[in-house]
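Here's the letter readout for the chains.
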Amino acid sequence: MKQFQGTAASGGICIAPCFRQQQAPAPTRQQLSPGEELSHFEGARKAALAELLALREEGTTREAREIFATHAMMLTDEDFLDTVRRIITLQQHSAASAVKAAVGEFSSMFEEMDSAYMRERAADVREIGTRLLRLLSGQVAAQPDTRCILCAAALSAADTASFDPAIVCGFATEDGT
């Protein structure tokens, strides 16, 4: 049995098998016409919104429900959506490329704000981008079905809030986030 050592973020002991959450490489696909890319983006956006609304309803804490509600709200933000649509239409990028560019633009904008609260929203924008990119690539979010410690390179607040605490008894990340 392999043992790991690290810094605890909370009290208690958890002994369980490791469930490794890995970022699968995005499958490549041929770029479509701007109209088809817009449709592809809209499908992913609607799927992401449905996921987030379901997670908000299932949220075990007020904080978890607030995270998912904030992410759902961001997926309806016209400035963000118009930026993605403009990049697809005018620059003729794929939906995935447009999402990456828009997320970069908006997260940078939030990071430069004076308010600490608003700077923290940059992480929310990146999380929305990760969710959209996963859906655009056709990947399914892996969910453990037996008691485990979730191991990943990094986890966002939305990631940790989306797991059932009756199944995931602990988290281990490479960089502590």
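Now for a quick tour of the structure. Quick caveat: nothing in here was measured; it's all calculated off a predicted structure. (Residues numbered from 1 in each chain as written. Predicted model: local features only at pLDDT ≥ 70, side-chain atom pairs only at ≥ 80, totals over all residues. Heavy atoms only, no water.)

1. Details of the overall build of the protein chain
Line of reasoning, step 1. When its secondary structure is counted, the protein chain shows six helices and three strands.
Line of reasoning, step 2. The helix and strand sequence of the protein chain, counted from the amino end, reads β-α-α-α-α-α-β-α-β.
Line of reasoning, step 3. Put simply, the protein chain has 177 residues, and 33% of those count as buried.
Line of reasoning, step 4. Entry remark: accessible area of the protein chain is about 10900 Å², with carbon and sulfur atoms responsible for 54%. (Helix = DSSP H or I, 4+ residues; strand = E, 2+ residues; numbered from the N terminus. Buried < 20%, exposed > 50% of the residue type's maximum accessible area, 1.4 Å probe, protein only. Areas by Shrake-Rupley, 256 points an atom, 1.4 Å probe, with all protein chains shown as cover.)

2. With respect to the nonpolar core
Line of reasoning, step 1. One finds Phe 41, Phe 68, Leu 75, Phe 80, Val 84, Val 99 and Leu 132 to be the most contacted residues of the largest nonpolar core, which totals 31 residues.
Line of reasoning, step 2. Listing elements by their share of this core, those giving two or more residues are α1 (34-58), α2 (62-74), α3 (78-90), α4 (95-111) and α5 (116-136).
Line of reasoning, step 3. No other element matches α4, which puts seven residues into this core.
Line of reasoning, step 4. In terms of nonpolar packing, the next biggest core, distinct from the first, is built from six residues, Leu 150, Ala 152, Leu 155 and Phe 163 among them. (Core = buried A, V, L, I, M, F, W, Y, C linked by side-chain atoms within 4.5 Å.)

3. Observations regarding the state of the cysteines
Line of reasoning, step 1. Per the stated rule, a full pass over the model turns up two disulfides.
Line of reasoning, step 2. Between the sulfur atoms of Cys 14 and its disulfide mate Cys 169 the distance is 2.0 Å. Pair noted here: Cys 14 is in the segment before β1 (18-20) and Cys 169 is in strand β3 (residues 168-173), with a separation of 155 residues, a long-range link.
Line of reasoning, step 3. Overall, the relative accessible area of 24% leaves Cys 169 in the partly exposed class.
Line of reasoning, step 4. One disulfide in the model links Cys 18 with Cys 151; its S-S distance is 2.5 Å. Here Cys 18 is found in strand β1, whereas its partner Cys 151 is found in strand β2 (residues 148-152), with 133 residues between them in sequence.
Line of reasoning, step 5. For the protein chain, numbering the cysteines in disulfides from first to last along the sequence yields the connectivity 1-4, 2-3.
Line of reasoning, step 6. With no disulfide partner, Cys 148 has as its closest neighbouring cysteine sulfur the one in Cys 169, 6.8 Å distant. (Disulfide = S-S within 2.5 Å.)

4. Description of the packing of α1 against α2
Line of reasoning, step 1. Between α1 and α2, whose axes approach to 8 Å, the crossing angle comes to 160°. Overall, the two elements α1 and α2 adopt an arrangement that is roughly antiparallel. Seen from above, α1 lies across α2 with left-handed handedness. Mapping the contact onto sequence places Leu 49, Leu 52, Leu 53, Leu 55 and Arg 56 in α1 and Arg 65, Phe 68, Ala 69, His 71 and Ala 72 in α2.
Line of reasoning, step 2. When the residues that make up the contact of α1 with α2 are grouped by side-chain class, the tally is seven nonpolar, one polar and two charged. (Axes fitted to C-alpha atoms, helices over the stretch in contact; angles between N-to-C directions. Parallel < 35°, antiparallel > 145°, perpendicular 65-115°, else oblique. Left-handed = near helix turned anticlockwise from the far one by under 90°. Contact = heavy atoms within 4.5 Å. Nonpolar A, V, L, I, M, F, W, Y, C, P; charged D, E, K, R; others polar.)

5. Some words on unusual backbone geometry
Line of reasoning, step 1. Even without a glycine there, the phi angle at Gln 92 is positive, about 55°.
Line of reasoning, step 2. If you trace the backbone, Gln 92 turns up in the loop between α3 and α4.

6. Concerning the sheet that holds β2
Line of reasoning, step 1. Pairing within the open sheet is parallel, and its three strands lie in the order β1-β2-β3. Edge strands, defined here as strands with exactly one partner in the open sheet, are β1 and β3. Going from strand to strand, the sheet's axes swing by 30° on average, the running direction of each strand aside.
Line of reasoning, step 2. Across five bridges, the pairing between β2 and β3 is parallel. By the bridge assignment for β3, Ala 152 is matched with Thr 173. (Pairing = 2+ DSSP bridges.)

7. Points about the side chain of Arg 121
Line of reasoning, step 1. Along the chain, the position of Arg 121 falls in helix α5.
Line of reasoning, step 2. Looking at Arg 121, its side chain comes within polar contact range of the side chain of Asp 124, at 2.5 Å. (Polar contact = N/O pair within 3.5 Å; in protein donor to acceptor, adjacent residues only side chain to side chain.)

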